[in-house]
Amino acid sequence: MKITKICCIGAGYVGGPTMAVIAQKCPHIQVTVVDLNEQRIIDWNDPNTDNIPIYEPGLSEIVAEARGRNLFFSTEVEKAIDEAQVIFISVNTPTKTYGKGKGMAADLKYIELCARQIAKVAKENKIVVEKSTLPVRTAEAIKSILDNTGNGVQFQILSNPEFLAEGTAVTDLLNPDRILIGGDTTPEGEEAIKALVDVYANWVDKEKILTTNVWSSELSKLTANAFLAQRISSINAMSELCEKTGADVNEVARAIGMDSRIGPKFLKASVGFGGSCFQKDILNLVYIAKSYGLNEVADYWEQVIIMNDHQKKRFSSKIVQTLYNTVADKKIAFLGWAFKKDTNDTRESAAIYVADDLINEQARISVYDPKVSKTKILNDLNYLETRSVEENNLAVSTFASAYDACKDAHAIAILTEWDEFTTYDWQKIYDSMHKPAFLFDGRNILDAKKLESIGFIYNGIGS
Ligand code: NAD
Ligand code: UGA
């Protein structure tokens, strides 16, 4: 089967960039990305591609090239499903906030809605691709809905998890470490797998396209995220021990990373990992393990989250302790709010939790982030429901320049590793602050010696 029409349900951080790259690399395939969120679609169609709703280096150029040619963004979900041979489901799968599995299990209501809508609309055989990250064996539920509520047409379900990281989405998509496609081992399943392999083979080496059974593919995605997050919690655990013993976590990371079995990547100690997925996916893994009665497996992975929460708390506590045990009415400048550099995404960012702790201590927070708006920052804090919206409004101010955010501050906290922070005139910032001027580098990106020679009292992570 040759694919010429693809539809993707969900125009978010995964659906948008992934489909833009497929469209760019496969001009012979018409790609339509649909979403229920009208504003999101309006933004994806903004004539100025610098205003598309997701900031990713290189993305606006790709959208400018393909949009209107073979890449379309639309709210007409049913029409797009009807026309496509392949339908990617790329909707959100957040942690459940209600009922059984609350706070742990993945909420699959959006996935089920997609399956029911596909079943209702499809009048020809279709390939349905799980692009969202899903609990192992979700394909079984999707298949049951499609087969029992559809119009008697045949569906093949493939699992094709996405491994891109935000901030590097475009390069990750253009140059993936691997593409994983899971499908049935029946002749129809194998035909569907081949059709999707052929799409990716337009720009990815065949050796990098891995095919497996559906369950291995679904579980590999959760496993990959769990392993990645575990590395961060492991190095963060060592950072606390370094602070007590005089070892330096950067030196330790370098030393262990040169062991080729460990490798140097993903060993940066930090204020704690954020992002929409690591915590959600590990909680989901823990829930799945528990549901099979595998309590030791569940406890093992849950520790990665416990350590991460501890690391965030430890950072805010250290600020309070160092500022003579009180931050009441003190101005603490936050440099960075996004969960990592080069993205405007703030979901589960460590900054939110550190700010929440400090506001509980009656600090005033002034924020500068090159890509995050004040509305988003306040929404993030309001979502926690720790205090009233008015109280958050009073506690937080935002600035269009880091110099303004830091003026008259008692302390600066670096929450995101934006490159521009390393290029600042730190003497000028120091001169504008209250003394002693404290700096808490939650990303270990600044030159401690240089800052100390200016007069800052510098605190990094793990040294
Ligand atoms: P997102 O919230 O940015 O986007 C999801 C979109 O789906 C939203 O715009 C929402 O309006 C839309 N949607 C929900 N239900 C819909 C429906 N029934 N019909 C049409 N549109 C609907 O989420 P995301 O970050 O793109 O993540 C999507 C999935 O991909 C999740 O399962 C996530 O775990 C996984 N994932 C995310 C990343 C990442 O970096 N963000 C990376 C790999 C995998
Ligand atoms: C992560 C994975 O890296 C992707 O492979 C995966 O597809 C994605 O989750 C997902 O499923 O959503 P992402 O969360 O976008 O990608 O970004 P990462 O680069 O993994 O960073 C996650 C968090 O860990 C960030 O807060 C980052 O600052 C932090 N981090 C990362 C560290 O603290 N130390 C490190 O060494 C690396």
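Remember, predicted model here, so these are calculated numbers, not experimental data. (Residues numbered from 1 in each chain as written. Chains lettered and ligands numbered in written order. Predicted model: local features only at pLDDT ≥ 70, side-chain atom pairs only at ≥ 80, totals over all residues.)

Undergrad: Account for the domain arrangement of the protein chain, naming residues and giving values.
TA: Domain annotation for the protein chain reports domain 1 (5–212) and domain 2 (306–459). On a C-alpha basis, the centres of domain 1 and domain 2 stand 36 Å from each other. Opposite the 6 residues of domain 1 that make contact, domain 2 presents 7 residues. Per-class residue counts for the side of domain 1 that touches domain 2 are 3 nonpolar, 1 polar and 2 charged. (Domains from an automatic or database assignment. Contact = placed C-beta atoms within 7 Å. Nonpolar A, V, L, I, M, F, W, Y, C, P; charged D, E, K, R; others polar.)

Undergrad: Pulling in residues and values, what's your account of the site of ligand 2?
TA: Taken together, 20 residues surround ligand 2, and among them K268, S270, F273, G275 and C277 come closest. Counting residues per element, the shell around ligand 2 draws most heavily on helix α9 (residues 214–245), which supplies 3 residues. By residue class, the composition of the shell around ligand 2 is 11 nonpolar, 5 polar and 4 charged. (Near = placed C-beta within 6 Å. Helix = DSSP H or I, 4+ residues; strand = E, 2+ residues; numbered from the N terminus.)

Undergrad: Just give me the short version of the site of ligand 1, but keep the residues and values in it.
TA: Among the 27 residues in the neighbourhood of ligand 1, the closest are listed as G10, G12, Y13, S132 and T133. A total of 3 residues in the shell around ligand 1 trace back to one element, the largest contributor, which is helix α5 (residues 109–121). Looking at the shell around ligand 1 residue by residue, the classes come out as 13 nonpolar, 10 polar and 4 charged.

Undergrad: Could you give an account of the sheet that holds strand β14 (residues 457–459), with specific residues and numbers?
TA: Overall, parallel pairing links the 6 strands, which are arranged β11-β10-β9-β12-β13-β14 in an open sheet. A single partner strand is all that each edge strand has here, and the edge strands are β11 (396–398) and β14. Strand-to-strand twist in this sheet, taken as the mean axis angle between neighbours without regard to direction, amounts to 20°. The strands touched by helix α14 (residues 374–384) within the sheet are β10 (364–368) and β11, with β11 carrying the most contacts at an inclination of about 160°. (Pairing = 2+ DSSP bridges. Axes fitted to C-alpha atoms, helices over the stretch in contact; angles between N-to-C directions.)

Undergrad: Describe in detail the UniProt feature "domain: UDP-glucose/GDP-mannose dehydrogenase C-terminal" (unreviewed entry) in the protein chain, supporting the description with residues and values.
TA: UniProt's entry tags residues 333–448 with the feature "domain: UDP-glucose/GDP-mannose dehydrogenase C-terminal" (unreviewed entry), counted in the numbering of this structure. Along residues 333–448 the backbone is 35% helical and 16% strand, and the end-to-end C-alpha distance reaches 18 Å. (UniProt positions renumbered as here; feature names shortened; annotations may be inferred.)

Undergrad: Could you give an account of the environment of L241, naming the residues involved and the relevant values?
TA: Summarising the element assignment, L241 is placed in helix α9. L241 sits 172 residues away from A413 along the chain, and the two C-alpha atoms are 21 Å apart.

Undergrad: Lay out the nonpolar core with the relevant residues and their values.
TA: One finds I87, I332 and F334 to be the most contacted residues of the largest nonpolar core, which totals 137 residues. With 8 residues, helix α13 (residues 350–360) is the single largest residue contributor to this core. Looking at this core, you find at least three residues from each of domain 1 (5–212) and domain 2 (306–459). Once residues lying within four places of it in the same chain are set aside, the contact partners of I332 are I319, V327, L358, A363, I365, A409, H410, A411 and A413. (Core = buried A, V, L, I, M, F, W, Y, C linked by C-beta atoms within 7 Å. Buried ≥ 20, exposed ≤ 12 C-beta atoms within 10 Å, placed from the backbone.)

Undergrad: I'd like a description of helix α1 (residues 15–25), backed by residues and values.
TA: Burial runs high along α1: 10 of the 11 residues are buried. Along α1, the positions that sit buried rather than exposed are G15, G16, P17, T18, M19, A20, V21, I22, A23 and Q24.

Undergrad: Could you give an account of unusual backbone geometry, with specific residues and numbers?
TA: Of the consecutive residues K435 and P436, the connecting peptide bond is found in the cis state with omega at -5°. With respect to the helices, strands and loops of the structure, P436 is situated in the loop between α17 (426–431) and β13 (438–441). Non-glycine residue F266 carries a positive phi angle of around 60°. Within the secondary structure, F266 sits in the loop between α10 (249–257) and α11 (278–291). Residue class for F266 comes out partly exposed when judged on the 16 C-beta atoms lying within 10 Å of it.

Undergrad: So what's going on with α5? Residues and values would help.
TA: In an α-helix, one full turn covers 3.6 residues, which means residues spaced three or four apart are oriented alike. Along its 13 residues, α5 runs 18 Å from first to last C-alpha, staying within 8% of the 18 Å computed at 1.5 Å per residue. Every buried residue of α5 is accounted for by I111, C114, A115, I118 and A119. Projected down its long axis, α5 carries its buried residues within an arc of 130°, all on one side. Opposite its buried face, α5 presents the exposed residues K109 and K120, each directed more than 90 degrees away. (Expected span 1.5 Å × (residues − 1). Arc of directions from axis to C-beta.)

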